[in-house]
Structure formats: structure tokens, C-alpha cells
Amino acid sequence: MSHVFHRQPATAYPVAVAGDGPYLIDAAGRRYLDACGGAAVSCLGHSDTAVRDAIKGQVDSLAYAHSAFFTTQAAEDLADVLIARAAETMPNNRLDKVYFVSGGSEAAEAALKLARQYFLEICQPGRHRIIARRQSYHGNTLGALAVGGNQWRRQPFEPMLMPATHIAPCYAYRDRREDESEAAYGQRVADELEAAILDLGPETVAAFIAEPVVGATAGALPPVPGYFRRIREICDRYGVLLILDEVMCGMGRTGHLYACAEDGIAPDILMTAKGLGAGYQPIGAMLCSAAIYDAIVTGSGFFQHGHTYIGHVTACAASLAVQRRLHEGGLLENVRVQGAALRQALDAAFGQHPHVGEIRGRGLMLGLELVADRASKAPFDPALKLNARIKREAMARGLMCYPMGGTIDGRHGDHVMLAPPFIIGPEHVSEIVDRLGQALGAALDSLPAEARP
Ligand code: PMP
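Procedures and definitions
- Residues numbered from 1 in each chain as written.
- Predicted model: local features only at pLDDT ≥ 70, side-chain atom pairs only at ≥ 80, totals over all residues.
- UniProt positions renumbered as here; feature names shortened; annotations may be inferred.
- Helix = DSSP H or I, 4+ residues; strand = E, 2+ residues; numbered from the N terminus.
- Rg over C-alpha atoms; globule rule 2.2 N^0.38 Å.
- Buried ≥ 20, exposed ≤ 12 C-beta atoms within 10 Å, placed from the backbone.
- Contact = placed C-beta atoms within 7 Å.
- Pairing = 2+ DSSP bridges.
- Core = buried A, V, L, I, M, F, W, Y, C linked by C-beta atoms within 7 Å.
- Domains from an automatic or database assignment.
- pLDDT = per-residue confidence, 0-100.
- Axes fitted to C-alpha atoms, helices over the stretch in contact; angles between N-to-C directions.
- Parallel < 35°, antiparallel > 145°, perpendicular 65-115°, else oblique.
- Left-handed = near helix turned anticlockwise from the far one by under 90°.
- Nonpolar A, V, L, I, M, F, W, Y, C, P; charged D, E, K, R; others polar.
- Expected span 1.5 Å × (residues − 1).
- Arc of directions from axis to C-beta.

An unreviewed UniProt entry annotates the protein chain as Aspartate aminotransferase family protein originating from Roseospira goensis. Its UniProt record, at the heading Cofactor (unreviewed entry), says of the protein chain: "pyridoxal 5'-phosphate". In UniProt, the protein chain has this text filed under Sequence similarities (unreviewed entry): "Belongs to the class-III pyridoxal-phosphate-dependent aminotransferase family."

Spelled out as C-alpha cells, the structure:
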């Protein structure tokens with residue numbers, strides 16, 4: 001009997017023992033094509049020797065030094081690389097400092113607290129409210145959960161969550177009116193931010209937080225063009241900080257190191273994790289503007305936050321090796337090329353599928369939204385747990401994909417997200433689409449007949 005506290009205690013998990021490029025291998029020798037990078041984490045696959053060597057080299061000389069006493073060369077070099085890339089790729093970049101943490105939720109907590117402390121430092125103590133979006137996920141710790149809009153994850157903890165204001169996401173498939181252009185739709189939903197700021201009172205609002213490409217709650221949902229430029233304008237107009245959560249969509253996943261560069265904007269605070277360590281080490285980061293950092297320096301002189309493992313040297317060394325691999329190996333170009341090929345193959349295989357409502361995404365972050373009925377866009381009943389059936393059938397066929405359930409308010413249905421490693425080639429694209437087709441077919445066949453109109 002296992003003593004590990006598993007996510008789903010009734011599930012018999014295979015024991016992972018090895019990695020081979022984009023494949024994971026279990027103790028029985030079965031190979032699984034990792035078409036979702038776990039949860040959009042393993043961007044270099046599972047056997048990158050450069051990253052492994054960097055970790056070994058770092059541990060041989062220094063494994064850990066507490067950030068209250070020391071900085072390290074690995075942390076300094078990694079911060080330099082991240083800021084240099086932000087300056088190169090983001091129009092009007094503001095990011096200048098990097099605060100290293102151990103994952104996405106920690107990056108969210110740091111971002112929220114930094115936003116609050118910034119306004120204390122500049123003598124605007126009334127600003128503490130956070131505005132976020134309904135289709136969003138920013139992490140499972142209580143602060144991150146409070147601003148996230150994932151009803152299923154929030155519900156049990158609702159009485160413990162701090163208040164936050166939620167506006168509409170940019171979700172054209174569901175919400176764009178037929179007579180509305182994409183641009184007009186984007187402006188309309190972005191303007192909800194202005195309405196919320198005015199409603200709360202600008203002098204009380206600290207920040208707006210959003211994922212450039214929504215991941216875990218909407219299966220790779222990009223905004224329409226122009227949406228984020230409008231959001232940036234509104235934040236600037238009212239002195240509200242813009243926090244972009246690139247934990248899932250950043251670090252090259254969309255074909256750009258920073259996803260927001262494609263939207264033509266730069267945030268005041270950016271959260272990153274997952275691909276930052278590519279799964280070889282747990283690491284996340286919060287990047288912030290010089291203006292915010294300077295306010296702390298000239299104010300209290302101390303960011304009222306911190307964890308034991310911030311700036312962990314082994315994690316930073318691994319992440320620095322990941323950055324080198326991304327930029328030296330033409331991998332971001334491969335993300336764009338294989339992303340386009342995967343998108344095309346998905347369109348060909350599922351574009352007319354009666355239960356695929358939309359195929360969407362950017363780069364190698366692609367999603368399928370499943371519907372019971374294409375014409376009405378009605379989702380499947382969440383009680384059918386179609387997503388769990390797809391995951392089971394995919395694993396049985398040696399494929400890892402990331403299926404998500406519909407919202408409990410019935411706003412949208414089940415999704416499948418694909419986020420394979422950046423090292424895949426055309427053979428993997430075909431394998432993903434073939435196996436996904438089989439898994440989807442088997443999962444749909446397993447539903448009671450009356451569930452499929
Ligand atoms: N933000 C986003 C956009 C995420 O996708 C996730 C993880 N799925 C998180 C935050 C939380 O990250 P972590 O699980 O590393 O705490």
C-alpha cells in the first residue's frame with residue numbers, strides 16, 4: 001500500500017522511471033508521448049543533457065545558500081538573461097528586476113503583495129483591491145486562488161478567500177456577438193475593466209491580473225488582437241498595475257519567450273514558472289518594473305515577503321541552462337513551425353468533428369473545446385466527466401494530454417490542452433493527432449447514448 005498522498009487516491013498511477021526526449025517511460029517499460037509537458041512544464045522533454053549537466057555542476061560546487069545571506073552567480077546571470085530578453089522582445093518594456101520563487105502560485109503571492117506594498121510606499125494606502133477575470137487560474141494558494149476565477153477550485157475554500165472583483169475574460173468563441181467584429185468585441189470586454197475600476201473607485205484599485213493566453217480554465221484561449229493594448233491603456237489611465245500571469249503561456253510556449261510581446265504590450269509585473277525550469281527543477285519568478293523596485297528602495301527598503309527557497313541556486317543554474325538551450329538551439333522557431341503543423345493537423349482531423357466546438361491557441365499551446373452540440377455550443381454535462389475519460393483513454397494509448405472539465409456554472413465545456421515539448425518533430429505531431437483521435441473516439445463511445453444528441 002502506497003503512503004504517498006496521491007491527487008486521486010482511487011487511481012492506480014503508473015510509476016515513472018525514465019525520460020527519453022518527449023517520452024516518459026514507466027516501470028513496466030511502457031512509453032508515453034508527453035503531449036502536454038505534464039502541465040505545460042517539460043518544454044525540453046525529459047532527457048536534456050545540458051540541463052542535467054548544469055544541475056550536477058552546480059550541486060558539486062554549491063547546492064544551496066539562503067537569500068538572506070548571499071546572492072549567487074546563477075541567480076544574477078539568470079536575472080540578467082530574463083531582463084535582457086524582456087528588453088529585446090517587449091515593446092516599451094518596463095521589467096527590470098527578478099524575484100525568484102519556487103513555482104507559479106508563489107509567483108502570484110509575491111506579485112499581489114508587491115502590488116500592495118508598492119502603493120503603501122508611494123503613499124496611496126487605499127489601493128488594495130485586485131481585479132481579475134472569470135476564466136482564469138493563478139495558483140492554488142489562498143491569495144492566488146482568491147483572484148483566480150476557477151469556480152471548481154475556489155468553491156470549497158470560498159469563505160477563506162479575500163475579496164476580489166472578476167470581469168469577463170476575452171472569450172470570443174462564447175461571447176462575441178454575431179454582428180460584432182473581433183476588434184469591437186475585444187474593446188467591449190476590455191472596457192469592462194474600466195467600468196470595474198470606476199465602480200470600485202480608482203483610488204482603491206491596486207492591480208489587474210490576467211493570463212495573456214488562458215491555460216488551465218479554458219484550454220489555450222488567446223485574446224483577440226487589440227484586447228491587451230486596450231487593457232494596458234486603461235491600467236495606465238487609472239494608475240492601476242498590470243500583472244500578467246505567464247506561468248503557463250510564457251517561456252517560449254507560444255513561440256515567444258514572453259507571450260505578451262505578441263500582443264504588443266509590457267506589464268508592470270510578470271509571473272513566470274513551469275517552462276522556466278522545464279521541470280528539471282522547481283522554479284518560478286516575478287519580474288517587476290524599475291519604478292516598483294525603486295519605490296521599495298527609497299521607501300521602506302524591504303519587500304515584506306520571502307520564502308526559504310527564493311533564488312535557489314541549483315534551480316537557477318538549471319533554468320540558466322534552459323535559457324541557453326532555448327536561444328542557442330533555434331527552439332523558439334521550432335515551436336512556431338511545429339505549432340503551425342500541429343494546428344493544421346488538428347484542424348484536418350477535428351475541424352468538422354461533431355463534438356469539437358473550437359480549436360485554438362498559439363505556438364505549442366493548443367486546445368480543443370468539446371461540445372455536446374456544435375450548433376448551440378452546449379457543453380457536455382460535467383457529471384459525465386468526459387475530460388477524465390479522455391485522459392484515461394489517452395494514457396491507455398501511451399499519450400499524455402491535459403484534459404479539463406467544464407465549469408460548474410455550465411459556461412463552457414470540457415477541453416483538451418496540448419503543450420508538447422519544444423523539441424518535437426513532424427513524426428510526433430502525427431503521433432499526437434492519431435492517438436488523440438483514438439482516445440477521443442473511445443471516450444465519446446463510452447458515454448451513455450442519450451448524452452450525445
Ligand atoms: N498560473 C497559471 C497560469 C498556471 O497555469 C498555474 C499552474 N497550472 C499557476 C499559476 C500555478 O502554478 P503552480 O502550480 O506552479 O503553483
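1. What about the overall build of the protein chain?
Scanning the protein chain from terminus to terminus reveals 14 helices and 15 strands. Here the C-alpha atoms of the protein chain give a radius of gyration of 22 Å, agreeing with the 22 Å that 2.2 N^0.38 yields for 453 residues. A total of 453 residues make up the protein chain; the buried ones form 50% of that total. In the protein chain, 74% of the contacts between residues at least 6 apart in sequence involve partners at least 24 apart.

2. Comments concerning the sheet that holds strand S3 (residues 31-34)
Strand order in the open sheet formed by four strands is S1-S2-S3-S13, with mixed pairing between adjacent strands. The open sheet has two free edges, formed respectively by strand S1 (16-20) and strand S13 (399-400), since each of these has just one partner strand. Pairing of S1 with strand S2 (residues 23-26) involves four bridges; the strand directions are antiparallel. Within S2, the position partnered with Ala18 by the bridge is Ile25.

3. Description of the nonpolar core
Ala111, Phe208, Ile243 and Met286 are the most contacted members of the largest nonpolar core, which has 136 residues in total. Two domains each put at least three residues into this core: domain 1 (16-34 + 330-451) and domain 2 (54-327).

4. What about the confidence of the model for the protein chain?
Detailed reading of predicted coordinates is not advised where the pLDDT is low. Mean pLDDT for the protein chain: 96, with 99% of residues reaching 70 or above. At the level of chain-chain contacts, confidence expressed as ipTM amounts to 0.99, with global pTM at 0.98.

5. A short note on the packing of helix H12 (residues 331-350) against helix H14 (residues 426-445)
At a minimum axis separation of 10 Å, H12 and H14 run at an interaxial angle of 30°. Put simply, H12 runs roughly parallel to H14. H12 and H14 meet at a crossing whose hand is right-handed. Contacts between H12 and H14 involve Gln338, Ala341, Leu342, Ala345, Leu346 and Ala349 from the former and Pro426, Val429, Ser430, Ile432, Val433 and Gly437 from the latter.

6. Concerning the packing of helix H13 (residues 386-396) against H14
Two elements in contact, H13 and H14, have axes whose closest approach is 8 Å; the angle formed by their N-to-C orientations is 130°. With respect to H14, the axis of H13 lies oblique. Relative to H14, the crossing made by H13 is right-handed. Listed contacts from H14 to Leu386, Arg389, Ile390, Glu393 and Ala394 of H13 are Arg435, Leu436, Ala439, Leu440, Ala442 and Ala443. Counted by class, the contact of H13 with H14 contains eight nonpolar, no polar and three charged residues.

7. With respect to the pairing of S3
Across a regular strand the side chains alternate sides, sitting on one face of the sheet and then on the other. Of the pairings in the sheet, the one linking S2 to S3 comprises three bridges and is antiparallel in character. The partner of Ile25 across the bridge, within S3, is Arg31. Adjacent in sequence and paired antiparallel, S2 and S3 are bridged by four residues, among which Gly29 carries a positive phi angle near 85°. Two strands pair when backbone bridges link them, and S3 and S13 are joined in this way by two bridges, in the parallel orientation. If you follow Asp34 over to S13, its bridge partner there is Met400.

8. Considerations on unusual backbone geometry
Phi angles above zero are rare outside glycine, and Lys274 is one such case at about 35°. Residue class for Lys274 comes out buried when judged on the 28 C-beta atoms lying within 10 Å of it. Look at Ala278: it is not a glycine, yet its phi comes out positive at around 55°. Among the secondary structure elements, Ala278 is positioned in the loop between strand S9 (269-272) and strand S10 (284-289).

9. A word on helix H4 (residues 104-121)
Helix length check: H4 (18 residues) gives 25 Å between terminal C-alpha atoms against 26 Å at 1.5 Å per residue, within 8%. Phi for Cys123, located one or two positions after H4, is positive at around 60°.

10. Some thoughts on helix H3 (residues 73-89)
Helix length check: H3 (17 residues) gives 24 Å between terminal C-alpha atoms against 24 Å at 1.5 Å per residue, within 8%. For H3, the full list of buried residues reads Ala74, Ala75, Leu78, Ala79, Leu82, Arg85 and Ala86. Down the axis of H3, the buried side of the element spans an arc of 135°, and every buried residue falls inside it. Residues of H3 that are exposed and angled more than 90 degrees away from the buried face: Asp80, Ala84 and Glu88.

11. Thoughts on the domain arrangement of the protein chain
How large an interface is tends to be reported as the accessible area lost when its parts come together. Each assigned domain of the protein chain is listed here: domain 1 (16-34 + 330-451) and domain 2 (54-327). If you average the C-alpha positions of domain 1 and of domain 2, the two centres end up 27 Å apart. Facing the 29 residues of domain 1 at the interface are 21 residues of domain 2. Put simply, the parts of the chain that give the side of domain 1 that touches domain 2 at least two residues each are H12, strand S11 (356-362), strand S12 (365-370) and strand S15 (415-418). A class-by-class count of the residues in the side of domain 1 that touches domain 2 yields 13 nonpolar, nine polar and seven charged.

12. Focus: the sheet that holds S15
Pairing within the open sheet is antiparallel, and its four strands lie in the order S11-S12-S15-S14. Unpaired on one side and paired on the other, S11 and strand S14 (402-404) mark the two borders of the sheet. Across the sheet, the axes of successive neighbouring strands diverge by a mean angle of 20°, strand direction being ignored. Here three bridges tie S14 to S15, and the two strands are oriented antiparallel to one another. Its bridge partner being in S15, Tyr402 is matched across the sheet by Met417. Where H13 meets the sheet, it contacts S12, S14 and S15, and its direction lies at approximately 165° from that of S14.

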